[in-house]
Amino acid sequence: MSTTELPQNAETVIIGAGAVGCSVAYHLSELGAEDIVVVDQGPLPVTGGSSVHAPGIMFQTSPSKIQTKAAYYTSRLLSDAGVYDEVGGIEVARSEDRMDFLERRVENATAYGLPDPQLLSPEEVTEHLPLVDKDEILGGYYSPTDGRVDGIAALQWYMEQTTATFVGDTEVTDIVTAGGEVQAIETNKGRIDCDRCVMATNNWGYQTGQLAGVDLPIAPVEHQYVVTEPLEELAGAGSSMGENTTGLDVPGNRDIQEAMSEGPHQPVGRDQDHSLYFRTHGDRLGMGSYNHETLSVDPDDMGTNSDDRQASVRGFTEEHWTQPTHRGRDKSAKQAFDELLPTTADVDYEVTENGIFVFTPDGMPAIGETAQVSGLWSALAIWWTHSGGYGRILAEWMENGRPRLPSGPVDTGGVHVRRFEPHAGEKDYFVDRGAKRYEQVYSIVEPRWQATDHRGLRRSPFYSHEADLGAEFYQGGGWETPQWYESNADLVDCYADEIPEQEGWQGVNRSAIEGAEHLHTREHVSMFDMTSFSSIMIEGLDSEAFLQRVCSNDVDIDIGQVRYSLLLNEGGGILADITVVRLEENEYMVTTGGGNSPGIHGEWLKEHAPETVSVTIEEGAKSTIGLWGPKSRLLLQRCTDADLSNSGFPYFRAKQIYVGEVPVIALRVSYVGELGWELWAPVEYGAQLWETLWEAGQDLDVRPMGGGALESMRLEKGYRLWGTDIDTDSNPYEAGLPFAVDLDTDFIGKEALEAAKAAGIDSRITPLTLDDSTDILMSGRPVLKDGEAIGYVQAADFGYSIGESIAYTYVPEEYAEAGTDVEVLCEGERYDATIRDEPLFDPGRDKLIR
């Protein structure tokens, strides 16, 4: 319902009536939510945001599972609503590298369940897209369910189908908070008291967050689009130009909305080798370009609609169309289009625009409840392509406490608004990183690609030592973390026969040194920098009761005992895997991974803690070394008077000891399947801790070890990695972690787990190994049985200790039995593989417990 009267109260206020805001409102209504108000600064439904100036093209295939799933849900929803043109989508290749990329498209689509993905010859491409010059291309990728959404019609449909109240021409001037909670929004028309507020303002996302004191890294950028005059070759398609927006209040240039409302009759197309895309608009052709230097917009200067232009549209800059200004492209947009679509070479453009949309620093959406303000939800950096899916995911999250689509739970770690580092809200940083993501949007990005700007922001106390040892630093969560060390290059010769060469795409940005560090650690001793991992201190009289409520395992443990557990959401999905250490009667240390874990998991614990419990997230407050390998006890014993014997310091126990003069919380745990300890020290002692261990271990051939070796070693042991093998889309039984669940205790998610256990597990995680190849597989590639996809690769590496290539995958229970023959499709090759029991290495734990 649309009205000009502003309600004074609402349960939920959604700011932004574009694709995302309307989708959230619709799905909340579908789930039974009431009293929803949607406001927008522009007229309805043509608000002046990116939802109405966009051409509506929807390519669904992505290397990201959640992006692909959200896109497919969106296309099905809007198709059923009658506002989606399912004409198919074709991505063409004008280089051999792009043909390889398109093969990956087929594999990702197959893995994630998109229907009938196909590779096409040049002749087959031109059967679908007759305007394309077949001599300019090597082939194409065809997804039959791709297409185009009619933006204005879709917004109208949403508004008609929901019980929400929509109020246009309403500018939000403040988000009122008190005690860390949303209270109301202030507008130019008055105040609305509310319990929840959803920010769905995309291009204005940064400004909206600022109203509540939240720094959201949402970077607006311009990109170009033109629509030609009528083409003789398209004359049979007809046109409704001039009639599409009759009766609608359209800010700025009405021609843009007229053109965007013209539907396609041929597949939508992409020429990603030149950062271009295109579609028909009736008898006209629309052409879009990312093929120019990044045109960043000051996030504080988005502005509002005017008589001259829509707020999300800037004037067309012809030099960016006719000149090659993109750093990675040698041709301008016009030259590349003239070659690919020769009929457009000499035509006039009836409509031109520099339209604005947004990127985050990692190019992914930002959804979920903010950590800073309870009840303030983000639904930002989302395109039309994924808007229906993310609207459903967010609505489920808000109403039922579990993010999901009708197909099942989804993994949110990579899209959670809390994933960003503390520095990510600084404007120069996120604008620069957003600009880079714009530049890469149609580029072939290498595996393990690393940014070169804004580096060195977070460095452990070991950084200078690591740099001296030739560390190859990767950036994760802003931390500089070594992937391997050039100082270990001599080990490659020692283990040459055990380290197979990796060629092609699988070998890009890899080093044989990673395998050498793996093997050396299995035989000797290594030091691993864990400073990016986080500790969370839980203190207070009710600490045990609180942890028992949030942990899936029994944490009624003795002082000095360590227990592995999980944090679950209400649906039993895995929010995190954690290590719980009882230091004193009312003091615990909880350890988690690095990256986005502190923001997501630490804040979740703080939100659920009662007033009698203190939760302190020690991100960067401790410097930590993983000391692992069969000689680790010998080395550490040289530095401490503590009893490190197996009986004096058993596995999964903790002690507060001194390493040299450094006070350390020592945990006898290992993420690599070897004897060893995690040594957690106050950050100011970090350099001394490194130097003490390093000097004491020289005659033992102690070496530094990087993240590459950690990954291959943990896969050999079957240790899980949150965000890779486990996430909110799997429960502990599916993830092979029943030992981390104690149903005799009460915890969040227990009811859902009991129901899942009673119903039986449909699929579960399992390792597989390749039968005849030492190639390392890539994630997101389909696992096949009798030619049909039954799963996909979650994580993969070479197991240097077992001499086999390993992958982990979730497959239906009937295929999870060890010995089952399967195939994996990767880089255009079918690999024979066998399902295996886990762990693949040291199943008796003889190397751990000695």
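In short, a report on the structure.

### Considerations on the nonpolar core
Burial of nonpolar side chains together is a common tendency in soluble globular proteins.
Consideration 1: Core analysis: the largest hydrophobic core is formed by 52 residues, its most contacted members being Ile14, Phe166 and Leu394.
Consideration 2: Elements supplying a minimum of two residues to this core: helix H1 (19-30), strand S3 (36-39), helix H3 (65-80), helix H6 (151-161), strand S22 (376-380) and helix H11 (384-400).
Consideration 3: Apart from residues lying up to four places away in sequence, Leu394 is in contact with Val24, Val198, Ile367, Gly368, Trp377, Ser378 and Ala379.
Consideration 4: One finds Val13, Ile175, Ile218 and Ala219 within the second-largest nonpolar core, a separate group that totals 33 residues.

### A short note on the pairing of strand S36 (residues 676-682)
Consideration 1: In terms of burial, S36 is largely enclosed, as six of its seven residues are buried.
Consideration 2: Across three bridges, strand S35 (residues 662-667) lies against S36 in antiparallel orientation. Within S36, the residue paired with Leu667 across the bridge is Glu678.

### Section: H3
Consideration 1: Relative to the 22 Å expected for 16 residues at 1.5 Å per residue, H3 spans 23 Å between its end C-alpha atoms, a close match to the ideal helical length.
Consideration 2: Residues Lys65, Ile66, Gln67, Thr68, Ala70, Ala71, Tyr73, Thr74, Ser75, Leu77 and Leu78 constitute the buried set of H3.
Consideration 3: With a side-chain oxygen lying 3.5 Å from the backbone nitrogen of Ile66, the N-terminal cap of H3 falls on Ser64.

### Looking at the side chain of Arg419
Consideration 1: Note that Arg419 resides in the loop between strand S24 (408-409) and helix H12 (427-440).
Consideration 2: Side chain to side chain, Arg419 and Asp362 meet in a polar contact 2.8 Å long.
Consideration 3: In this view, Arg419 contacts Thr360, Asp362, Met364, Pro365, Ala366, Gly413, Gly414, Asn596 and Ile600; residues no more than four positions away in its chain are not counted.

### Regarding a negative patch on the surface
Consideration 1: Taken together, the side chains of Asp771, Asp772, Asp821 and Asp832 make up a negatively charged region of the molecular surface.
Consideration 2: Along the chain, Asp832 falls in strand S43 (residues 829-835).

### Let's talk about unusual backbone geometry
Consideration 1: Cis rather than trans, the peptide bond between Leu44 and Pro45 has omega equal to 0°.
Consideration 2: As for its placement among the helices and strands, Pro45 is situated in the loop between S3 and helix H2 (50-53).
Consideration 3: The omega angle of the peptide bond from Glu838 to Pro839 is 0°, so this bond is cis rather than trans.
Consideration 4: Inspection of the secondary structure puts Pro839 in the segment after S43.
Consideration 5: A positive phi is found at Arg448, a non-glycine position, where the angle reads about 65°.
Consideration 6: On the secondary structure map, Arg448 appears in the loop between H12 and helix H13 (463-468).
Consideration 7: Judged by its relative accessible area of 23%, Arg448 falls in the partly exposed class.
Consideration 8: The backbone of Asp786 sits at a positive phi, close to 55°, despite the residue not being glycine.

### Examining the layout of surface pockets
Consideration 1: Estimated volume of the second largest pocket: approximately 440 Å³.
Consideration 2: Residue lining of the second largest pocket: 23 residues in total, with Gln372, Arg418, Phe420, Glu421 and Pro422 positioned closest to the centre.
Consideration 3: For the lining of the second largest pocket, the leading source of residues is helix H17 (residues 597-608), giving four residues.
Consideration 4: Classifying every residue of the lining of the second largest pocket by side-chain character gives 10 nonpolar, six polar and seven charged.

### Remarks on the packing of H3 against H11
Consideration 1: It is at 6 Å that the axes of H3 and H11 come closest, and there the two elements cross at 95°. Taken together, H3 and H11 sit at an angle that is classed as roughly perpendicular. Contacts from Ile66, Gln67, Ala70, Ala71, Tyr73, Thr74, Leu77 and Leu78 in H3 reach Trp384, Thr385, His386, Ser387, Gly388, Gly389, Tyr390, Arg392 and Ile393 in H11.
Consideration 2: Considered class by class, the residues forming the contact of H3 with H11 number nine nonpolar, seven polar and one charged.

### Regarding the pattern of salt bridges
Consideration 1: In this structure the tally under the stated criterion is 50 salt bridges.
Consideration 2: As a salt-bridge pair, Arg94 and Glu339 come within 3.2 Å of each other at their nearest N and O atoms. On the criterion of sequence distance, the pair formed by Arg94 in the loop between strand S6 (89-93) and helix H4 (96-112) and Glu339 in helix H10 (residues 333-340) is long-range, its members being 245 residues apart.
Consideration 3: Assessed through its relative accessible area of 21%, Glu339 is described here as partly exposed.
Consideration 4: Here Lys622 makes a salt bridge to Glu618, at a shortest N to O gap of 2.2 Å. Residue Lys622 shares its accessibility class with Glu618, and that shared class is buried.
Consideration 5: One network of salt bridges, in which partners are shared, links Arg94, Glu136, Asp271, Lys331 and Glu339.

### Focus: the sheet that holds strand S4 (residues 57-58)
Consideration 1: If you trace the three strands from one edge of the open sheet to the other, you get S4-S9-S5, paired in antiparallel fashion. Each end of this open sheet is capped by a strand with a single partner; those strands are S4 and strand S5 (84-85).
Consideration 2: As judged from the two bridges shared by S5 and strand S9 (residues 147-149), these two strands associate in the antiparallel manner. Bridge pairing links Tyr84 to Val149 in S9.

### Some details on the pairing of strand S11 (residues 172-178)
Consideration 1: Where S11 meets strand S12 (residues 181-187), six bridges bridge the pair, whose relative direction is antiparallel. Paired with Ile175 across the strands is Ile185, a residue of S12.

### Structural notes on the packing of aromatic side chains
How two aromatic rings sit relative to each other is given by the distance of their centres and the angle of their planes.
Consideration 1: Evaluated as defined, the whole model comprises 30 aromatic pairs.
Consideration 2: On the numbers, 4.9 Å between centres and 65° between planes, the contact of Tyr290 with Tyr442 is edge-to-face. Residue Tyr290 is located in the loop between strand S17 (284-289) and strand S18 (295-296), and its partner Tyr442 is located in the loop between H12 and H13; the two are separated by 152 residues in the primary sequence.
Consideration 3: Judged by centre distance (5.2 Å) and plane angle (65°), the ring pair of Phe357 and Phe359 falls under edge-to-face.

### Topic: the environment of Asp554
Consideration 1: Secondary-structure assignment places Asp554 in the loop between helix H16 (543-550) and strand S29 (562-568).
Consideration 2: A residue is classified by how much of its surface remains accessible, and Asp554, at 22% relative accessible area, is partly exposed.
Consideration 3: Other than its neighbours up to four places away in sequence, Asp554 contacts Gln548, Arg563, Asp742 and Thr745.
Consideration 4: A distance of 3.0 Å separates the side chain of Asp554 from the backbone nitrogen of Asp556, its partner in a polar contact.

### Here's the deal with helix H21 (residues 750-759)
Consideration 1: Buried within H21 are the following residues: Lys750, Ala752, Leu753 and Ala756. One face of H21 carries all of its buried residues, which in axial projection span an arc of 160°. Opposite its buried face, H21 presents the exposed residues Glu751, Ala758 and Ala759, each directed more than 90 degrees away.
Consideration 2: Where H21 is buried, its residues meet S29.
Consideration 3: Note on H21: the residue one or two positions beyond its end, Gly760, has a positive phi of about 95°.

### As for the environment of Asp556
Consideration 1: By secondary structure assignment, the location of Asp556 is in the loop between H16 and S29.
Consideration 2: Asp556 gets classed as partly exposed once you look at its relative accessible area, which sits at 48%.
Consideration 3: What Asp556 contacts, discounting residues up to four positions off in sequence, is Glu544, Gln548 and Arg582.

### A closer look at the sheet that holds strand S27 (residues 526-529)
Consideration 1: Strand order in the open sheet formed by six strands is S34-S35-S36-S33-S27-S37, and the pairing between neighbours is mixed. What marks the edges here is a single partner per strand, and that holds for strand S34 (654-659) and strand S37 (703-705). The mean angle between the axes of side-by-side strands here comes to 30°, regardless of whether they run parallel or antiparallel.
Consideration 2: As paired elements, strand S33 (residues 622-628) and S36 share seven bridges and run antiparallel to each other. Residue pairing for S36: Trp628 is matched across the bridge by Gly676.
Consideration 3: The strands touched by helix H15 (residues 512-523) within the sheet are S27, S33 and S37, with S37 carrying the most contacts at an inclination of about 120°.
Consideration 4: Where helix H19 (residues 686-696) meets the sheet, it contacts S27, S33, S34, S35, S36 and S37, and its direction lies at approximately 20° from that of S33.

Thresholds applied
Residues numbered from 1 in each chain as written. Predicted model: local features only at pLDDT ≥ 70, side-chain atom pairs only at ≥ 80, totals over all residues. Heavy atoms only, no water. Core = buried A, V, L, I, M, F, W, Y, C linked by side-chain atoms within 4.5 Å. Buried < 20%, exposed > 50% of the residue type's maximum accessible area, 1.4 Å probe, protein only. Helix = DSSP H or I, 4+ residues; strand = E, 2+ residues; numbered from the N terminus. Contact = heavy atoms within 4.5 Å. Pairing = 2+ DSSP bridges. Expected span 1.5 Å × (residues − 1). Polar contact = N/O pair within 3.5 Å; in protein donor to acceptor, adjacent residues only side chain to side chain. Patch = residues over 30% accessible without salt bridge, like charges linked within 9 Å, V, L, I, M, F, W, Y side chains within 5 Å. Areas by Shrake-Rupley, 256 points an atom, 1.4 Å probe, with all protein chains shown as cover. Salt bridge = Lys/Arg side-chain N within 4 Å of Asp/Glu carboxyl O. Lys, Arg positive; Asp, Glu negative; His and termini not counted. Charge placed at Lys NZ, Arg CZ, Asp CG, Glu CD. 1 Å grid on protein atoms, 1.4 Å probe; cavity = no way out; pocket = protein on both sides within 12 Å on 5 of 7 lines; lining within 4 Å. Points joined across faces, edges and corners; volume = space filled by probe spheres on them. Nonpolar A, V, L, I, M, F, W, Y, C, P; charged D, E, K, R; others polar. Axes fitted to C-alpha atoms, helices over the stretch in contact; angles between N-to-C directions. Parallel < 35°, antiparallel > 145°, perpendicular 65-115°, else oblique. Phe/Tyr/Trp six-rings, centres within 6.5 Å; stacked < 30°, edge-to-face > 60°. Arc of directions from axis to C-beta.

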